[in-house]
Amino acid sequence: MSRYWSSVVHGLTPYVPGEQPKLEHLVKLNTNENPYGPSPRALEAIQAATGSTLRLYPDPNSDALKAALATYHKVRTDQVFVGNGSDEVLAHVFLALLNQDQPLWFPDITYSFYPVYCGLYGIQSKLVPLREDFSIRAEDYLPRFNDQAGGIIFPNPNAPTGCLLPLAGIERIVAGNPDVVVVIDEAYVDFGGDTAIALVDRYPNLLVVQTFSKGRSLAGLRVGFAVGHPALVEALERVKNSFNSYPLDRLAIVGAVASVQDEAYFQENCQKVVATRQTLVEEMGQLGFEVLPSAANFIFARHPSYHAMELSMALREKAIIVRHFRKPRIDQYLRITVGTDEQCRILLDALAEILGG
Ligand SMILES: *Cc1c(COP(=O)(O)O)cnc(C)c1O
């Protein structure tokens, strides 16, 4: 606290990211990073760009990346917005599109950055409870005569549950809310969902946000993007150009373009994670865990006879880090990133030992 702070700063509750420990030799399964490296072609492109051109500002519009993403997703370049990770894209989305008179609707259990942005921008929110089984019920997001959202946002698959709402449910929500923007945060869609980008040409109120951090193994490069109607993209550009007109640096642009162009590596990488997830879910089940159906690169699991907090501390003593949230409804769950087969083996052996001892 300081008397020099503005009243906005006094009122903020910042997001607390998963720990990035400086220790090596940890089995780090707490922040949903991809266990495999980025595309070798992305690394080569980044290397090739580390010359004297770094003295020059990057392209303020990241045209090469927008063109690559437009081609990949079969949309026009004026339907694509890019930013430094999807967290930055989301920040612009909250200010440009979700800051309305009516409250923003999102699930009671979801990505914890949403309430943080509401606090930063002074946006009222309404928490919509997930079903008992942690799935999203599309009907809960339809307007009623005296209850109308100012905007709607949720991840699909949802975080930290991993549960997927099929595209028909997304379309129901988008079609049922023609007067407000519906934002689908697809950070994990590469591991089992169908992207709602297929719907953007039919619904001018739909914005889909994706990231290079999970499926494309580029969390350290900070690249995210949004796809939607050109009018929504224009709103984002207006905010971005009032804040920082050179968002993506030269290395990020070339690395992201090369990643998009290496489809074979991307598919193989995602399939490996999905295969490991399947084994992990089965073996966790054998240890007595209840695991929610996951379409993401993490699982959300509880053990009926052990406290999640104690399990996470016991794992930490064995140099394995997983994520535990001290929040209502989910404080008995652990969120565990799908690592390599070897990392998952170490985790399962450690859990067997903890439960047995
Ligand atoms: C990881 C994640 C993001 C942020 O990704 P970055 O592009 O790395 O900023 C956004 N939304 C959800 C739900 C995530 O899990």
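Everything quoted here is computed from the prediction, not taken from an experiment.

Participant: Go over the overall build of the chain, please, and point to the residues and values.
Facilitator: Tallying secondary structure elements over the chain gives 11 helices and 13 strands in all. Taken over C-alpha atoms, the radius of gyration comes to 21 Å for the chain, in line with the 21 Å a tight globule of 357 residues would show. Taken along the three principal axes of its C-alpha coordinates, the chain extends 60 × 60 × 50 Å. The 357 residues of the chain split such that 51% are buried.

Participant: A description of the environment of Asp140 should follow, citing residues and the corresponding values.
Facilitator: One can find Asp140 in the loop between β4 (125-128) and β5 (151-155). Taking C-alpha positions, Asp140 is 35 Å from Lys272, a pair spaced 132 residues apart along the chain.

Participant: Lay out the domain arrangement of the chain with the relevant residues and their values.
Facilitator: Where the parts come together, the accessible area they lose is often given as the size of the interface. Domain parsing of the chain yields domain 1 (18-37 + 264-356) and domain 2 (40-261). Spacing between the C-alpha centres of domain 1 and domain 2 amounts to 26 Å. Interface area, domain 1 with domain 2, both sides summed: about 2100 Å², of which 62% is carbon and sulfur. Contact with domain 2 buries area across many residues of domain 1, yet Phe266, Ala295 and Arg329 alone supply 32% of it, more than any other trio. The interface formed by domain 1 and domain 2 holds one salt bridge in total. Salt-bridge contacts for Asp108 lead to Arg329; the nearest nitrogen and oxygen are separated by 2.9 Å. The tally of links from domain 1 across to domain 2 stands at 10 residue pairs in polar contact (both at pLDDT 80 or more). The biggest single contributor to the side of domain 1 that touches domain 2 is helix α9 (residues 263-286), with eight residues. Tallied by class, residues from the side of domain 1 that touches domain 2 come to 15 nonpolar, eight polar and five charged.

What counts and what doesn't
- Residues numbered from 1 in each chain as written.
- Predicted model: local features only at pLDDT ≥ 70, side-chain atom pairs only at ≥ 80, totals over all residues.
- Heavy atoms only, no water.
- Helix = DSSP H or I, 4+ residues; strand = E, 2+ residues; numbered from the N terminus.
- Rg over C-alpha atoms; globule rule 2.2 N^0.38 Å.
- Buried < 20%, exposed > 50% of the residue type's maximum accessible area, 1.4 Å probe, protein only.
- Domains from an automatic or database assignment.
- Buried area = accessible area lost by both parts, 1.4 Å probe.
- Salt bridge = Lys/Arg side-chain N within 4 Å of Asp/Glu carboxyl O.
- Polar contact = N/O pair within 3.5 Å; in protein donor to acceptor, adjacent residues only side chain to side chain.
- Nonpolar A, V, L, I, M, F, W, Y, C, P; charged D, E, K, R; others polar.

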